[in-house]
Amino acid sequence: MSGDAPISTPWRPSKKDARYTGPRACVKCHAEESATQHLTAMGRALEPVATSEILRAHPRLTFRSGPYAHEIVRRGDQSLYTVTDGVNTISEPILYTFGQGKAGQTYIFRHDGSFYESRLSFYKDIQGLDVTIGYPREIPPSLEVAAGRRISMDEARNCFSCHGTGAAYGNQLQLDRLVPGVTCEACHGPGAEHVAAMEAKQFKDKRIFNPGKMSADDLSQEFCGSCHRSAEQVISNKLLRGLITVRFQPYRMFTSRAHDPADMRLTCTACHNPHENPSADEAFYDPKCFACHRSFASLKSPAVAKTEEKEGRTDKACPVAQSLCVSCHMPKVEFPGSHFKFTDHRIRIAKAGEQFPN
Ligand code: HEC
Ligand code: HEC
Ligand code: HEC
Ligand code: HEC
Ligand code: HEC
Ligand code: HEC
Ligand code: HEC
């Protein structure tokens, strides 16, 4: 998915001399954060072809649309993306894979001196290729279009900045310095000065950015929203309306009735540890809701209501159920063609058969 990445932030400074160390340098002092982060979907948001699990496990992928035959074939450590109409052929090695295939794995290749995004993506759900989300499903008018979409240098820089680490220096994309995936320094900024300071035991000035010290809305909107799309970005872009907004969790959360710009109990990190994959267990989220909402029991017992009030749980109780809150109030929504159900972060009373609320 494409869009603008911010120009310069503490975690992504646009300095030409930014010094990144790579995530291995953090392991010895931060074992806990380092244990799982590289295995998460974010940590693997972009991978080189040589180590791509999906491409290695699928040595030959094929797809047909009208006169065009597509193929991705493994050759040693490379994967070759080929499209032919029977007369002419475009064939290029894939440079990088984007995503792990939940809502698609899309391929970036170079052709005629430009970057291209593949018109086809791999989807885990079908274990095969289908049209990339956002592309028309009609038969493409030309071989070029069948292969993919040419992307400008600006857009490429944004792709690599949201899915990778340390790709941009000033306004330049420098792939030779890219660390694949959203790793430590994508979120904490270049770490070389921090490592040097900590090794020299200069603990006063840590020289590293900690998003945990931001206020609630800065963390969810400015920080997580810098890649996941803030409410401001979505609202100001008129093309982003309807079902597609289910992909933009900061916008959906911001427009929930529960949203309070200063309340940490509903920030992204209240429910997600960014160093781990999100929990798929619906019960995991109940205590997060109960941080604000009263229990079912409080409806009947004034004593319970009073205790809960002392704990700061002053919001209404659910009259319907006592657990698995997200199963009803954060419904899963299928975005057409994505082969995946996104979780609607607009917390609400969802009604059967309703139109998706914008
Ligand atoms: C030589 C050991 C060492 C290395 C290597 C190291 N750190 Fe740290 N880091 C520390 C210490 C010590 C602290 C302070 C811990 C504390 O205050 O409890 C710290 C604190 C932090 C904090 C919190 C800062 C704050 O203001 O709260 C972050 C974020 C962080 N490190 C990230 C990283 C990242 C990312 C890397 C790799 C680029 C890294 N560290 C490498 C020792 C290290
Ligand atoms: C540098 C950009 C960037 C930032 C900052 C960022 N994310 Fe992400 N995040 C991504 C990308 C890219 C993906 C898609 C990974 C994939 O599926 O390949 C993702 C995926 C996720 C996922 C889904 C994981 C899964 O299993 O499908 C969660 C949850 C998530 N991010 C939470 C957060 C939270 C919380 C924050 C803020 C604390 C945050 N992200 C900040 C880029 C970012
Ligand atoms: C502004 C930041 C941003 C930019 C720019 C961006 N992405 Fe993403 N991308 C994300 C985030 C966040 C997610 C996870 C949420 C989602 O799936 O919508 C994601 C998800 C994806 C996925 C689905 C991953 C999965 O495992 O399901 C693919 C594929 C993808 N992006 C490819 C690209 C490509 C290719 C480009 C450039 C042409 C690009 N993205 C540009 C932030 C970005
Ligand atoms: C997607 C963004 C993201 C990535 C990637 C990421 N972090 Fe963090 N990190 C955060 C956020 C957000 C916090 C604040 C969490 C909080 O306070 O709830 C944090 C907090 C920390 C802290 C401070 C913990 C504390 O107890 O205060 C350390 C240390 C740290 N991260 C190290 C790392 C290391 C090492 C890596 C790479 C292995 C890493 N982080 C990757 C977003 C990220
Ligand atoms: C009240 C809890 C809660 C909060 C707060 C929250 N999430 Fe989630 N998030 C969930 C649940 C539940 C899932 C679904 C997990 C699953 O079933 O795998 C999820 C899944 C995701 C996914 C995976 C894609 C999807 O749609 O399933 C991403 C990305 C994500 N959250 C990002 C964010 C970001 C960014 C924020 C902050 C704006 C945020 N979340 C705040 C509960 C929360
Ligand atoms: C930061 C505190 C907070 C958290 C955490 C929180 N809520 Fe709420 N919630 C509120 C507030 C405040 C309202 C608005 C109450 C009102 O308008 O009277 C609300 C409203 C609601 C509503 C009614 C929405 C409507 O459209 O009428 C539902 C349903 C709800 N919350 C469910 C949840 C669930 C489920 C969770 C956990 C996934 C959760 N809330 C987490 C504070 C919170
Ligand atoms: C089986 C589906 C389901 C589950 C699970 C569920 N709810 Fe509800 N909830 C509803 C429905 C339906 C309503 C609307 C009831 C009505 O209007 O009469 C509702 C209403 C609410 C309201 C609005 C109450 C009011 O007086 O306006 C809140 C807040 C709420 N739920 C929170 C939660 C929390 C917190 C949980 C988890 C402990 C939860 N819900 C679990 C279906 C569910």
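Provided above is the structure to which this section pertains.
If you're wondering where the values come from, they're calculated on a predicted model, not measured in any experiment.

**Describing the site of ligand 4**
Part 1 of the reasoning: Taken together, 17 residues lie near ligand 4, and Gln37, Cys184, Cys187, His188 and His275 sit nearest.
Part 2 of the reasoning: Measuring from a nitrogen atom of ligand 4, one finds a side-chain N or O atom of His188 at 2.8 Å.
Part 3 of the reasoning: One of the side-chain N or O atoms of His275 is found 2.9 Å from a nitrogen atom in ligand 4.
Part 4 of the reasoning: Mapped by element, the contributors of at least two residues to the shell around ligand 4 are α2 (31-37) and α6 (184-188).

**Quick look at the coordination of the iron atom of ligand 5**
Part 1 of the reasoning: Distances from the iron atom of ligand 5 to its protein donors, His272 (NE2) and His345 (NE2), fall at 2.0 to 2.1 Å.
Part 2 of the reasoning: Considering all 6 donor atoms around the iron atom of ligand 5, the spread of angles at the metal, 86 to 179 degrees, places the coordination shape in the octahedral class. Of the two residues, His272 sits in the loop between α11 (268-271) and α12 (286-290) while His345 sits in the segment after β15 (341-343), which places them 73 residues apart along the sequence.

**Some thoughts on unusual backbone geometry**
Part 1 of the reasoning: One non-glycine residue, Asp112, adopts positive backbone phi at about 50 degrees.
Part 2 of the reasoning: Although it is not a glycine, Arg207 adopts a positive phi angle of roughly 55 degrees.
Part 3 of the reasoning: Relative to the helices and strands, Arg207 is located in the loop between α7 (192-199) and α8 (216-228).

**Some remarks on the coordination of the iron atom of ligand 4**
Part 1 of the reasoning: Within the protein, the atoms that donate to the iron atom of ligand 4 are His188 (NE2) and His275 (NE2), at distances of 2.0 to 2.1 Å.
Part 2 of the reasoning: Taken together, the 6 donor atoms coordinating the iron atom of ligand 4 span angles of 88 to 179 degrees at the metal, a pattern that classifies the geometry as octahedral. Here the residue His188 occupies a position in helix α6, and His275 occupies one in the loop between α11 and α12, the gap between them amounting to 87 residues.
Part 3 of the reasoning: Residue classification places His188 among the partly exposed positions, given a relative accessible area of 25%.

**Thoughts on the site of ligand 7**
Part 1 of the reasoning: Taken together, 17 residues lie around ligand 7, and Phe290, Cys318, Cys325, Cys328 and His329 are the ones closest in.
Part 2 of the reasoning: Within the side chain of His329, one N or O atom sits 2.7 Å away from a nitrogen atom of ligand 7.
Part 3 of the reasoning: Per-element tally for the shell around ligand 7: the top contributor is helix α14 (residues 325-329), with 4 residues.
Part 4 of the reasoning: When grouped by side-chain class, the residues that make up the shell around ligand 7 number 11 nonpolar, 5 polar and 1 charged.

Cut-offs and rules
Residues numbered from 1 in each chain as written. Chains lettered and ligands numbered in written order. Predicted model: local features only at pLDDT ≥ 70, side-chain atom pairs only at ≥ 80, totals over all residues. Heavy atoms only, no water. Near = heavy atom within 4 Å. Polar contact = N/O pair within 3.5 Å; in protein donor to acceptor, adjacent residues only side chain to side chain. Helix = DSSP H or I, 4+ residues; strand = E, 2+ residues; numbered from the N terminus. Donors = N, O, S within 2.8 Å, 3.2 Å for Na, K, Ca; no water. Tetrahedral: all angles 85-135°; square planar, octahedral: opposite > 155°, others 65-115°. Buried < 20%, exposed > 50% of the residue type's maximum accessible area, 1.4 Å probe, protein only. Nonpolar A, V, L, I, M, F, W, Y, C, P; charged D, E, K, R; others polar.

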